[in-house]
Amino acid sequence: METIVKTEPMMRTTVLIALTALLISCNSHPVEPFAENLLAEAIDVEVSAGANKVDILFIVDNSGSMCEEQESLRSNINLFIDRVVEVGADFQLAVVTTDMRNPEQMGRFQNIPDGEPGPSCQIDIDISQCPDGQSEEFPPLILRSADPRYLNGDGSVNREKLQRDFGCSATVGTSGDGFEMGLEAAKTALDLNLRDSYNAGFLREDAFLGIIFVTDENDCSDRGALDKVSGDACEWNADQLVTTGEYVDFFANLKGGDKSKIILSGIIAPDTGIRYSSPDRVQPSCTSDFGTGYAGYRYQEVIDGFDNNAVANICDADFSSALDAIGFLFRDALENKCLGSPPDTCVTSDDCAGISACEATPRGAGSNCTDGRC
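Residues numbered from 1 in each chain as written. Predicted model: local features only at pLDDT ≥ 70, side-chain atom pairs only at ≥ 80, totals over all residues. Heavy atoms only, no water.

Enquirer: Looking at this structure, I do not really get the nonpolar core. What am I missing?
Expert: Proteins that are soluble and globular tend to have nonpolar side chains buried together. Core analysis: the biggest nonpolar cluster contains 43 residues, and Phe58 and Phe80 have the highest contact counts within it. Where this core is concerned, the elements lending two or more residues are strand E4 (53-60), helix H1 (67-86), strand E5 (90-97), helix H2 (159-170), strand E7 (208-214), strand E8 (262-268), strand E11 (309-313) and helix H8 (320-336). The biggest single contributor to this core is H8, with 7 residues. When neighbours within four sequence positions are excluded, Phe80 is seen to be in contact with Ile56, Phe58, Leu93, Ile212, Leu323, Ile326, Gly327 and Phe330. (Core = buried A, V, L, I, M, F, W, Y, C linked by side-chain atoms within 4.5 Å. Buried < 20%, exposed > 50% of the residue type's maximum accessible area, 1.4 Å probe, protein only. Helix = DSSP H or I, 4+ residues; strand = E, 2+ residues; numbered from the N terminus. Contact = heavy atoms within 4.5 Å.)

Enquirer: So what exactly am I meant to see when it comes to the state of the cysteines here?
Expert: Here, the word disulfide means a covalent bond between the sulfur atoms of two cysteines. Across all of its chains, the model carries 4 disulfides by this definition. Disulfide pairing places Cys67 opposite Cys121 at an S-S distance of 1.9 Å. In this pair, Cys67 is assigned in helix H1 and Cys121 in the loop between E5 and strand E6 (143-144), connecting sequence segments 54 residues apart. Disulfide pairing is shown between Cys286 and Cys315; the S-S distance is 2.0 Å. Negative torsions about the S-S bond denote left-handed disulfides, and the value of about 75 degrees found for Cys286 with Cys315 makes this one right-handed. (Disulfide = S-S within 2.5 Å.)

Enquirer: Could you clarify how one ought to interpret the pattern of salt bridges in this entry?
Expert: Once the charged atoms of two side chains with opposite charge are near each other, the side chains can pair. On inspection of all chains with the given rule, the structure shows 20 salt bridges. Linking Glu184 and Arg223 is a salt bridge whose minimum nitrogen-to-oxygen distance equals 3.1 Å. With Glu184 in helix H3 (residues 182-190) and Arg223 in the loop between E7 and helix H5 (233-236), this residue pair connects regions lying 39 residues apart in the sequence. With relative accessibility at 11%, the residue Glu184 sits in the buried group. Put simply, Glu246 and Arg223 hold a salt bridge, and the shortest N to O gap is 2.7 Å. In this pair, Glu246 is assigned in helix H6 (residues 244-253) and Arg223 in the loop between E7 and H5, connecting sequence segments 23 residues apart. Given the relative accessible area of 45%, Arg223 is considered partly exposed. Taken together, the salt bridges that share partners define one network made up of Arg83, Glu86, Asp324, Arg331 and Asp332. (Salt bridge = Lys/Arg side-chain N within 4 Å of Asp/Glu carboxyl O.)

Enquirer: Any chance you could explain the packing of aromatic side chains here in plain terms?
Expert: Within a pair of aromatic rings, the relevant descriptors are the distance that separates the centres and the angle that separates the planes. Tallied over the full model, the rule gives 7 aromatic pairs. Measuring from centroid to centroid gives 5.3 Å for Phe109 and Phe202, while their planes differ by 70 degrees, and the two rings are edge-to-face. Placement of the pair is Phe109 in the loop between E5 and E6 and Phe202 in the loop between helix H4 (192-195) and E7, with a sequence separation of 93 residues. Both residues of the pair, Phe109 and Phe202, belong to the buried class. Feature note: the residues Phe58, Phe80, Phe166 and Phe330 constitute an aromatic cluster, connected by ring pairs. The ring of Tyr198 has Arg108 lying over it, and the distance from NZ or CZ to the ring centre is 4.6 Å. Between the NZ or CZ atom of Lys187 and the centre of the ring of Phe250, over which it lies, the distance is 4.7 Å. (Phe/Tyr/Trp six-rings, centres within 6.5 Å; stacked < 30°, edge-to-face > 60°. Lys NZ or Arg CZ within 6 Å of the ring centre and 35° of its normal.)

Structure representation (structure tokens):
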């Protein structure tokens, strides 16, 4: 729930953030009953009047093969955040996993790092710099650029702390379900049930929506249609999965059908054009010393449904180029379209949303808001 009181030239927002301790369970163990431990915290947030807003959701694969990829995401996220900070955006970040079987995840925002290495992990996962929930609180479920915790004394964004906390939240571990459902996870996170409860405060009506998928597998969003005995079942029965067009429509409808308000991107495995059917085993579409990826063509189809899009290869060991390019995509979209544009006509400058001044038009034909940057 967000209450906004207008001031000049800033707006002060009181935000209630729900923090929870999330338990991470392995595939081989039964899921324990979910118990929420919510802590409501009042936070005073300063938001610059007229700044373009963007809500950015990362969907991070937490299956057993994603150890190195999560580390590269954490190590290079500064390049993405730098681009969004440069444009002066009022932005929010949140993380969900691709696991749609564990009720403690299933579209719920994550904020507790999991440093337990999976069996295929070839590196040490160091989360010693992450908050432990005792000496320092876990990061908020929604990381906000305007949160005083992420502001320096001069009002600028403390990028280092914001990058650290995002990296900790995005270290979601490798014990998640091996049948990744990133599209359904994104939909569930933004659907009304969670949007008005656990994930409350994230989706803002007057903001761009950004969605970024990070996964080395194709999407298997089936809503229970498949008997997933084989790891290849999702490819062999692709016709039984939820259509990608449904997800395109869902995301677009979150912004009243205006796709220009949505930015989609992914770090996924490239599509080779090959489609597999039983009993042929599905083969990787990319392989490197970093790992193996299976064509994420369902993600690609959804991403291609929007003009503001970018895709990078999950098999590239270094995500610096990928996150820098995605950061530029967001920066350009935020610069080129102003969601906070002032109305054409006005009586006083108060009518111009604090973005520009109200000036009389030539020959006394009323008054208009002067051009103003977001």
